[in-house]
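# Residue-level structural notes
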Amino acid sequence: MITRMKKSNRTGIAVLSCVLVLGAAGFAQAQGAQGGIYSCVDAKGRKLTSDRPIPDCLDREQKVLNPSGTVKSRVGPTLTAQERAEVEAKEKRAAAERALKEEEKRRDRALLTRYPDRAVHDAERSEALSQISVVKAAAANRVLELQKQKVAIDAEMEFYKKDPAKAPAAVKRQVEENAKSIAVQNRFITDQEGEIARVNARFDEELGRLKELWKLRSPAAGVAAAPAKTPGAKN
């Protein structure tokens, strides 16, 4: 009786073990089916499959298949350090290009907001040039004053024409300071002339872009009566 009970217990344990083993195998199979089956053809031409990424195909594309055999997804090859660096560099260039395009769009929007039409742009150009002209005219008037002072100083220096070294130190300083002041004002006037050229160049560049933007915004917007020509402006 005892012997039969021992045999029965051993049989039950064996059956339970089989059930557990089969259950674990079924669970693993189900997990593999859920994750997909990896498939590839290696460098030797062999078609390989696995329930996880295949080491022999890390240098090439691997297909991830559904249980039905259809392609679920694709896994790219593992990149070398150099290849990764090249991909990252390419991505950075692409990101920089996208950022540049976005910045150009932002500038275009700001340009249109500031200059909705040609009249506004021409008016601002005229105002900018007018301000420079006022400053330049003030410098020119200062040069005329200095030149008058020079005439008076030169007249005083006539007494020392034969021997300029005998001229008083104060008169000599006036001669030097007058010459320096005239040179400074003339350089300033030259700078303002350069500024006028730079302002016109900027407005000309803006106008070229604005004409395109106005036309894109509304075909009729680019067709307007010719505005009054501003100083230095280009058509």
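Not measured: the values here are computed from a predicted model.

Basis of the calculations
- Residues numbered from 1 in each chain as written.
- Predicted model: local features only at pLDDT ≥ 70, side-chain atom pairs only at ≥ 80, totals over all residues.
- Heavy atoms only, no water.
- Helix = DSSP H or I, 4+ residues; strand = E, 2+ residues; numbered from the N terminus.
- Buried < 20%, exposed > 50% of the residue type's maximum accessible area, 1.4 Å probe, protein only.
- Contact = heavy atoms within 4.5 Å.
- Areas by Shrake-Rupley, 256 points an atom, 1.4 Å probe, with all protein chains shown as cover.
- Core = buried A, V, L, I, M, F, W, Y, C linked by side-chain atoms within 4.5 Å.
- Pairing = 2+ DSSP bridges.
- Axes fitted to C-alpha atoms, helices over the stretch in contact; angles between N-to-C directions.
- Disulfide = S-S within 2.5 Å.
- Expected span 1.5 Å × (residues − 1).
- Polar contact = N/O pair within 3.5 Å; in protein donor to acceptor, adjacent residues only side chain to side chain.
- Parallel < 35°, antiparallel > 145°, perpendicular 65-115°, else oblique.
- pLDDT = per-residue confidence, 0-100.

### Overview of the overall build of the protein
When helices and strands are counted, the protein shows four helices and four strands. From first element to last, N terminus to C terminus, the protein shows the α and β order α-β-β-β-β-α-α-α. Relative to its 235 residues, the protein shows a buried fraction of 19%. The long-range fraction of contacts in the protein, counting pairs at least 24 apart against all pairs at least 6 apart in sequence, stands at 52%. As displayed, the protein offers around 17400 Å² of accessible surface, 58% of which is attributable to carbon and sulfur atoms.

### Looking at the nonpolar core
One recurring pattern in soluble globular proteins: nonpolar side chains tend to sit buried together. Judged by nonpolar contacts, Leu111, Tyr115, Ala128, Leu129, Ile132, Val199, Phe203, Leu207, Leu210, Leu213 and Trp214 together constitute the single largest core of 11 residues. Sorting the residues of this core by element identifies helix H3 (118-157) and helix H4 (169-217) as the ones contributing at least two each. Of the residues forming this core, the biggest block, six residues, is contributed by H4. Residues in contact with leucine 210, not counting those within four places in the same chain, are Leu111, Leu112, Tyr115 and His121.

### Points about the pairing of strand S3 (residues 62-65)
In this sheet, S3 lies alongside strand S1 (residues 37-41) in antiparallel orientation, the contact comprising three bridges. Directly across from serine 39, in S3, lies its bridge partner lysine 63. Hairpin connection from S3 to strand S4 (residues 71-75): five residues lie between these consecutive antiparallel strands, with glycine 69 at a positive phi of about 100°.

### Examining the sheet that holds strand S2 (residues 47-50)
Strand order in the open sheet formed by four strands is S2-S1-S3-S4, and the pairing between neighbours is antiparallel. The open sheet has two free edges, formed respectively by S2 and S4, since each of these has just one partner strand. In this sheet, adjacent strand axes meet at a mean angle of 25° when their direction is disregarded. Pairing of S1 with S2, which is carried by four bridges, proceeds in the antiparallel orientation. Across the sheet, serine 39 pairs through a bridge with threonine 49, a residue of S2.

### Brief notes about the state of the cysteines
What the rule picks out here adds up to one disulfide. Between the sulfur atoms of cysteine 40 and its disulfide partner cysteine 57 the distance amounts to 1.9 Å. One quick way to see it: the torsion about the S-S bond of cysteine 40 and cysteine 57 is about 75°, and its sign makes the bridge right-handed. Placement of the pair is cysteine 40 in strand S1 and cysteine 57 in the loop between S2 and S3, with a sequence separation of 17 residues. This pair shows no difference in class: cysteine 40 is buried, exactly as cysteine 57 is.

### As for H3
Because each turn of an α-helix spans 3.6 residues, side chains separated by three or four positions in sequence point in the same direction. Taking 1.5 Å per residue as the helical rise, H3 with its 40 residues ought to reach 58 Å, and the 58 Å between its terminal C-alpha atoms agrees with that figure. Buried residues in H3 make contact with H4. For H3, the N-terminal cap is aspartate 117; the gap from its side-chain oxygen to the backbone nitrogen of alanine 119 is 3.2 Å.

### Quick word on the side chain of serine 39
By the secondary structure assignment, serine 39 is in strand S1. Every residue in contact with serine 39, bar those within four places of it in the chain, is listed here: Lys47, Leu48, Thr49, Ile54, Gln62, Lys63 and Leu65.

### Thoughts on the packing of H3 against H4
Between H3 and H4, the shortest axis-to-axis distance is 9 Å and the interhelical angle comes to 170°. As summarised for this structure, H3 and H4 are arranged roughly antiparallel, according to the angle between their axes.

### With respect to the side chain of glutamate 206
With respect to the helices and strands, the residue glutamate 206 is situated in helix H4. Judged by its relative accessible area of 14%, glutamate 206 falls in the buried class. The residues contacting glutamate 206, other than those within four sequence positions of it, are Leu111, Tyr115 and His121.

### Quick look at the confidence of the model for the protein
With 77% of its residues at a pLDDT of 70 or more, the protein shows a mean pLDDT of 82. Looking across the protein, the model is least confident in helix H1 (residues 2-35), with a mean pLDDT of 43, and most confident in H3, with 96. Segment residues 12-34: pLDDT under 50, and four contacts once partners within four positions in sequence are set aside and those in other chains are kept. Contacts of residues 221-226 to residues separated by more than four positions or lying in other chains number two contacts, the stretch itself having pLDDT below 50.

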